[in-house]
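Single-letter residue listing:
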Amino acid sequence: MRRVLVPLLVPALALVACEPTSIGRRSGPAAAELDAYCELTSTPGLVRFDGEVATICEAGSCMVARVRGTSLVPVAVSDARMGYAASRGRTVILHEDARLTIVEGTSEIELARWAADVSIEDDGDHALFVALRAPDTAHGEDTEDPETGEVTTVAGGSAEVTPEMGTRLVRMDLDTAELEELVDDPLAGTPIALPGTDDVLFVGAPDGVAAILRVSPGGVPRQLTNVGITDLGQEFVPVPLHELAIVGSRLVYSVIEREIDTSELEGPLPGAIWAVDVSTGEAELLGEGRFPEASDGGVIATV
């Protein structure tokens, strides 16, 4: 595929999109990397892509695959809902039953019995996700299968999973399964770490309207967007789901257009790319696109 370079009002941030037309074509390694990105993100059924791992869902089931050049190599797991790239070639899997596991080679280890809204920090060694409010220990517990003798590590102890436990936003060390609570809020979700800091962005609803917030470990969350907004009017800034990236000082994410006729649609559902300054909360609509990633000081997205 070829690209379109779209100038923006925000200085030093440009959106490069995969489209059938060519304006401002680049050459060299950057172009080859972009061509690979465009080919992979046009995969039918693609629901998540982070450059190293893709999740493809069709006919009611999902496949998680590692990226190898322009090819996708399936990860041998069952009942996957979403996949995420971790360090040392490992893959974190969120399953349909909400279990969180990590796959390394042919080994799969359970990390948590219930998880949602997973993201992996830049170091690849820590995960952020929504977890149950554990009733006993906040650290991993080794359990042994009485039939096979296999030992797994389960976050939050061995208590039975029930909806009454409530949820919280946590950071997990993927090597030890140790948990750090960030936010004890049943409405918190969609976390992403800010590189170079211990801060985390997440989606919440402190005033009843969804918004993006920022929190430091042990601190009080600070609302960045939709401050003072009480309804979904023109000033409302949409919130991300699971297509998001940090580009410089901005959170860049796509908002998917779902209320369309998909009978003749080829490729992913269309979406819009937004950028929010992680310090001021200033927001801007960049243009159409899906699966945003940082690239050469700008953003690449598929259209």
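Residues numbered from 1 in each chain as written. Predicted model: local features only at pLDDT ≥ 70, side-chain atom pairs only at ≥ 80, totals over all residues. Heavy atoms only, no water.

Draft legend 1. Seen up close, the sheet that holds strand 15 (residues 167-173). With antiparallel pairing, four strands are arranged side by side in an open sheet as 11-12-15-16. One side of each edge strand has no neighbouring strand; the edge strands of this open sheet are strand 11 (115-120) and strand 16 (179-183). Shown here is a sheet whose adjacent strand axes are inclined to one another by a mean of 25°, direction ignored. In this structure, strand 12 (residues 126-132) lies alongside strand 15, joined through seven bridges in antiparallel fashion. Bridged to Leu 128 within strand 15 is Arg 171. (Pairing = 2+ DSSP bridges. Helix = DSSP H or I, 4+ residues; strand = E, 2+ residues; numbered from the N terminus. Axes fitted to C-alpha atoms, helices over the stretch in contact; angles between N-to-C directions.)

Draft legend 2. Inspection of the state of the cysteines at higher detail. Within the structure shown, the criterion is met by one disulfide. Between the sulfur atoms of Cys 57 and its disulfide mate Cys 62 the distance is 1.9 Å. Across the S-S bond of Cys 57 and Cys 62 the torsion is about 105°, and the bridge reads as right-handed. Note on Cys 62: relative accessible area 21%, which makes it partly exposed. (Disulfide = S-S within 2.5 Å. Buried < 20%, exposed > 50% of the residue type's maximum accessible area, 1.4 Å probe, protein only.)

Draft legend 3. Seen up close, the pattern of salt bridges. Here the structure, examined in full by the defined rule, presents 15 salt bridges. The partner of Arg 81 in a salt bridge is Glu 96, with the nearest N and O atoms 3.8 Å apart. Of this pair, Arg 81 sits in strand 7 (residues 80-85) while Glu 96 sits in the loop between strand 8 (91-95) and strand 9 (100-104), and the two are 15 residues apart along the sequence. Judged by its relative accessible area of 30%, Arg 81 is partly exposed. By relative accessible area, Glu 96 is classed as partly exposed at 42%. Each of Arg 88, Arg 90, Asp 125 and Asp 175 takes part in one network of salt bridges that share partners. (Salt bridge = Lys/Arg side-chain N within 4 Å of Asp/Glu carboxyl O.)

Draft legend 4. Looking closely at the nonpolar core. The biggest cluster of nonpolar side chains holds 20 residues, and the ones touching the most others in it are Val 92, Leu 100, Phe 129 and Leu 174. If we ignore the near neighbours within four places in the chain, the residues touching Leu 100 are Val 92, Ile 93, Leu 94, Ile 109, Glu 110, Leu 111, Ala 112, Ala 115, Val 118 and Phe 129. Phe 49, Val 252, Ala 275 and Phe 291 belong to the second largest nonpolar core, which has 18 residues in total. (Core = buried A, V, L, I, M, F, W, Y, C linked by side-chain atoms within 4.5 Å. Contact = heavy atoms within 4.5 Å.)

Draft legend 5. Region of the structure containing unusual backbone geometry. The phi dihedral of Asp 79 is positive, around 55°, even though this residue is not glycine. Look at Asp 117: it is not a glycine, yet its phi comes out positive at around 50°. With respect to the helices, strands and loops of the structure, Asp 117 is situated in strand 11. Residue Asp 117 is classed as partly exposed on the basis of its relative accessible area, which comes to 32%.

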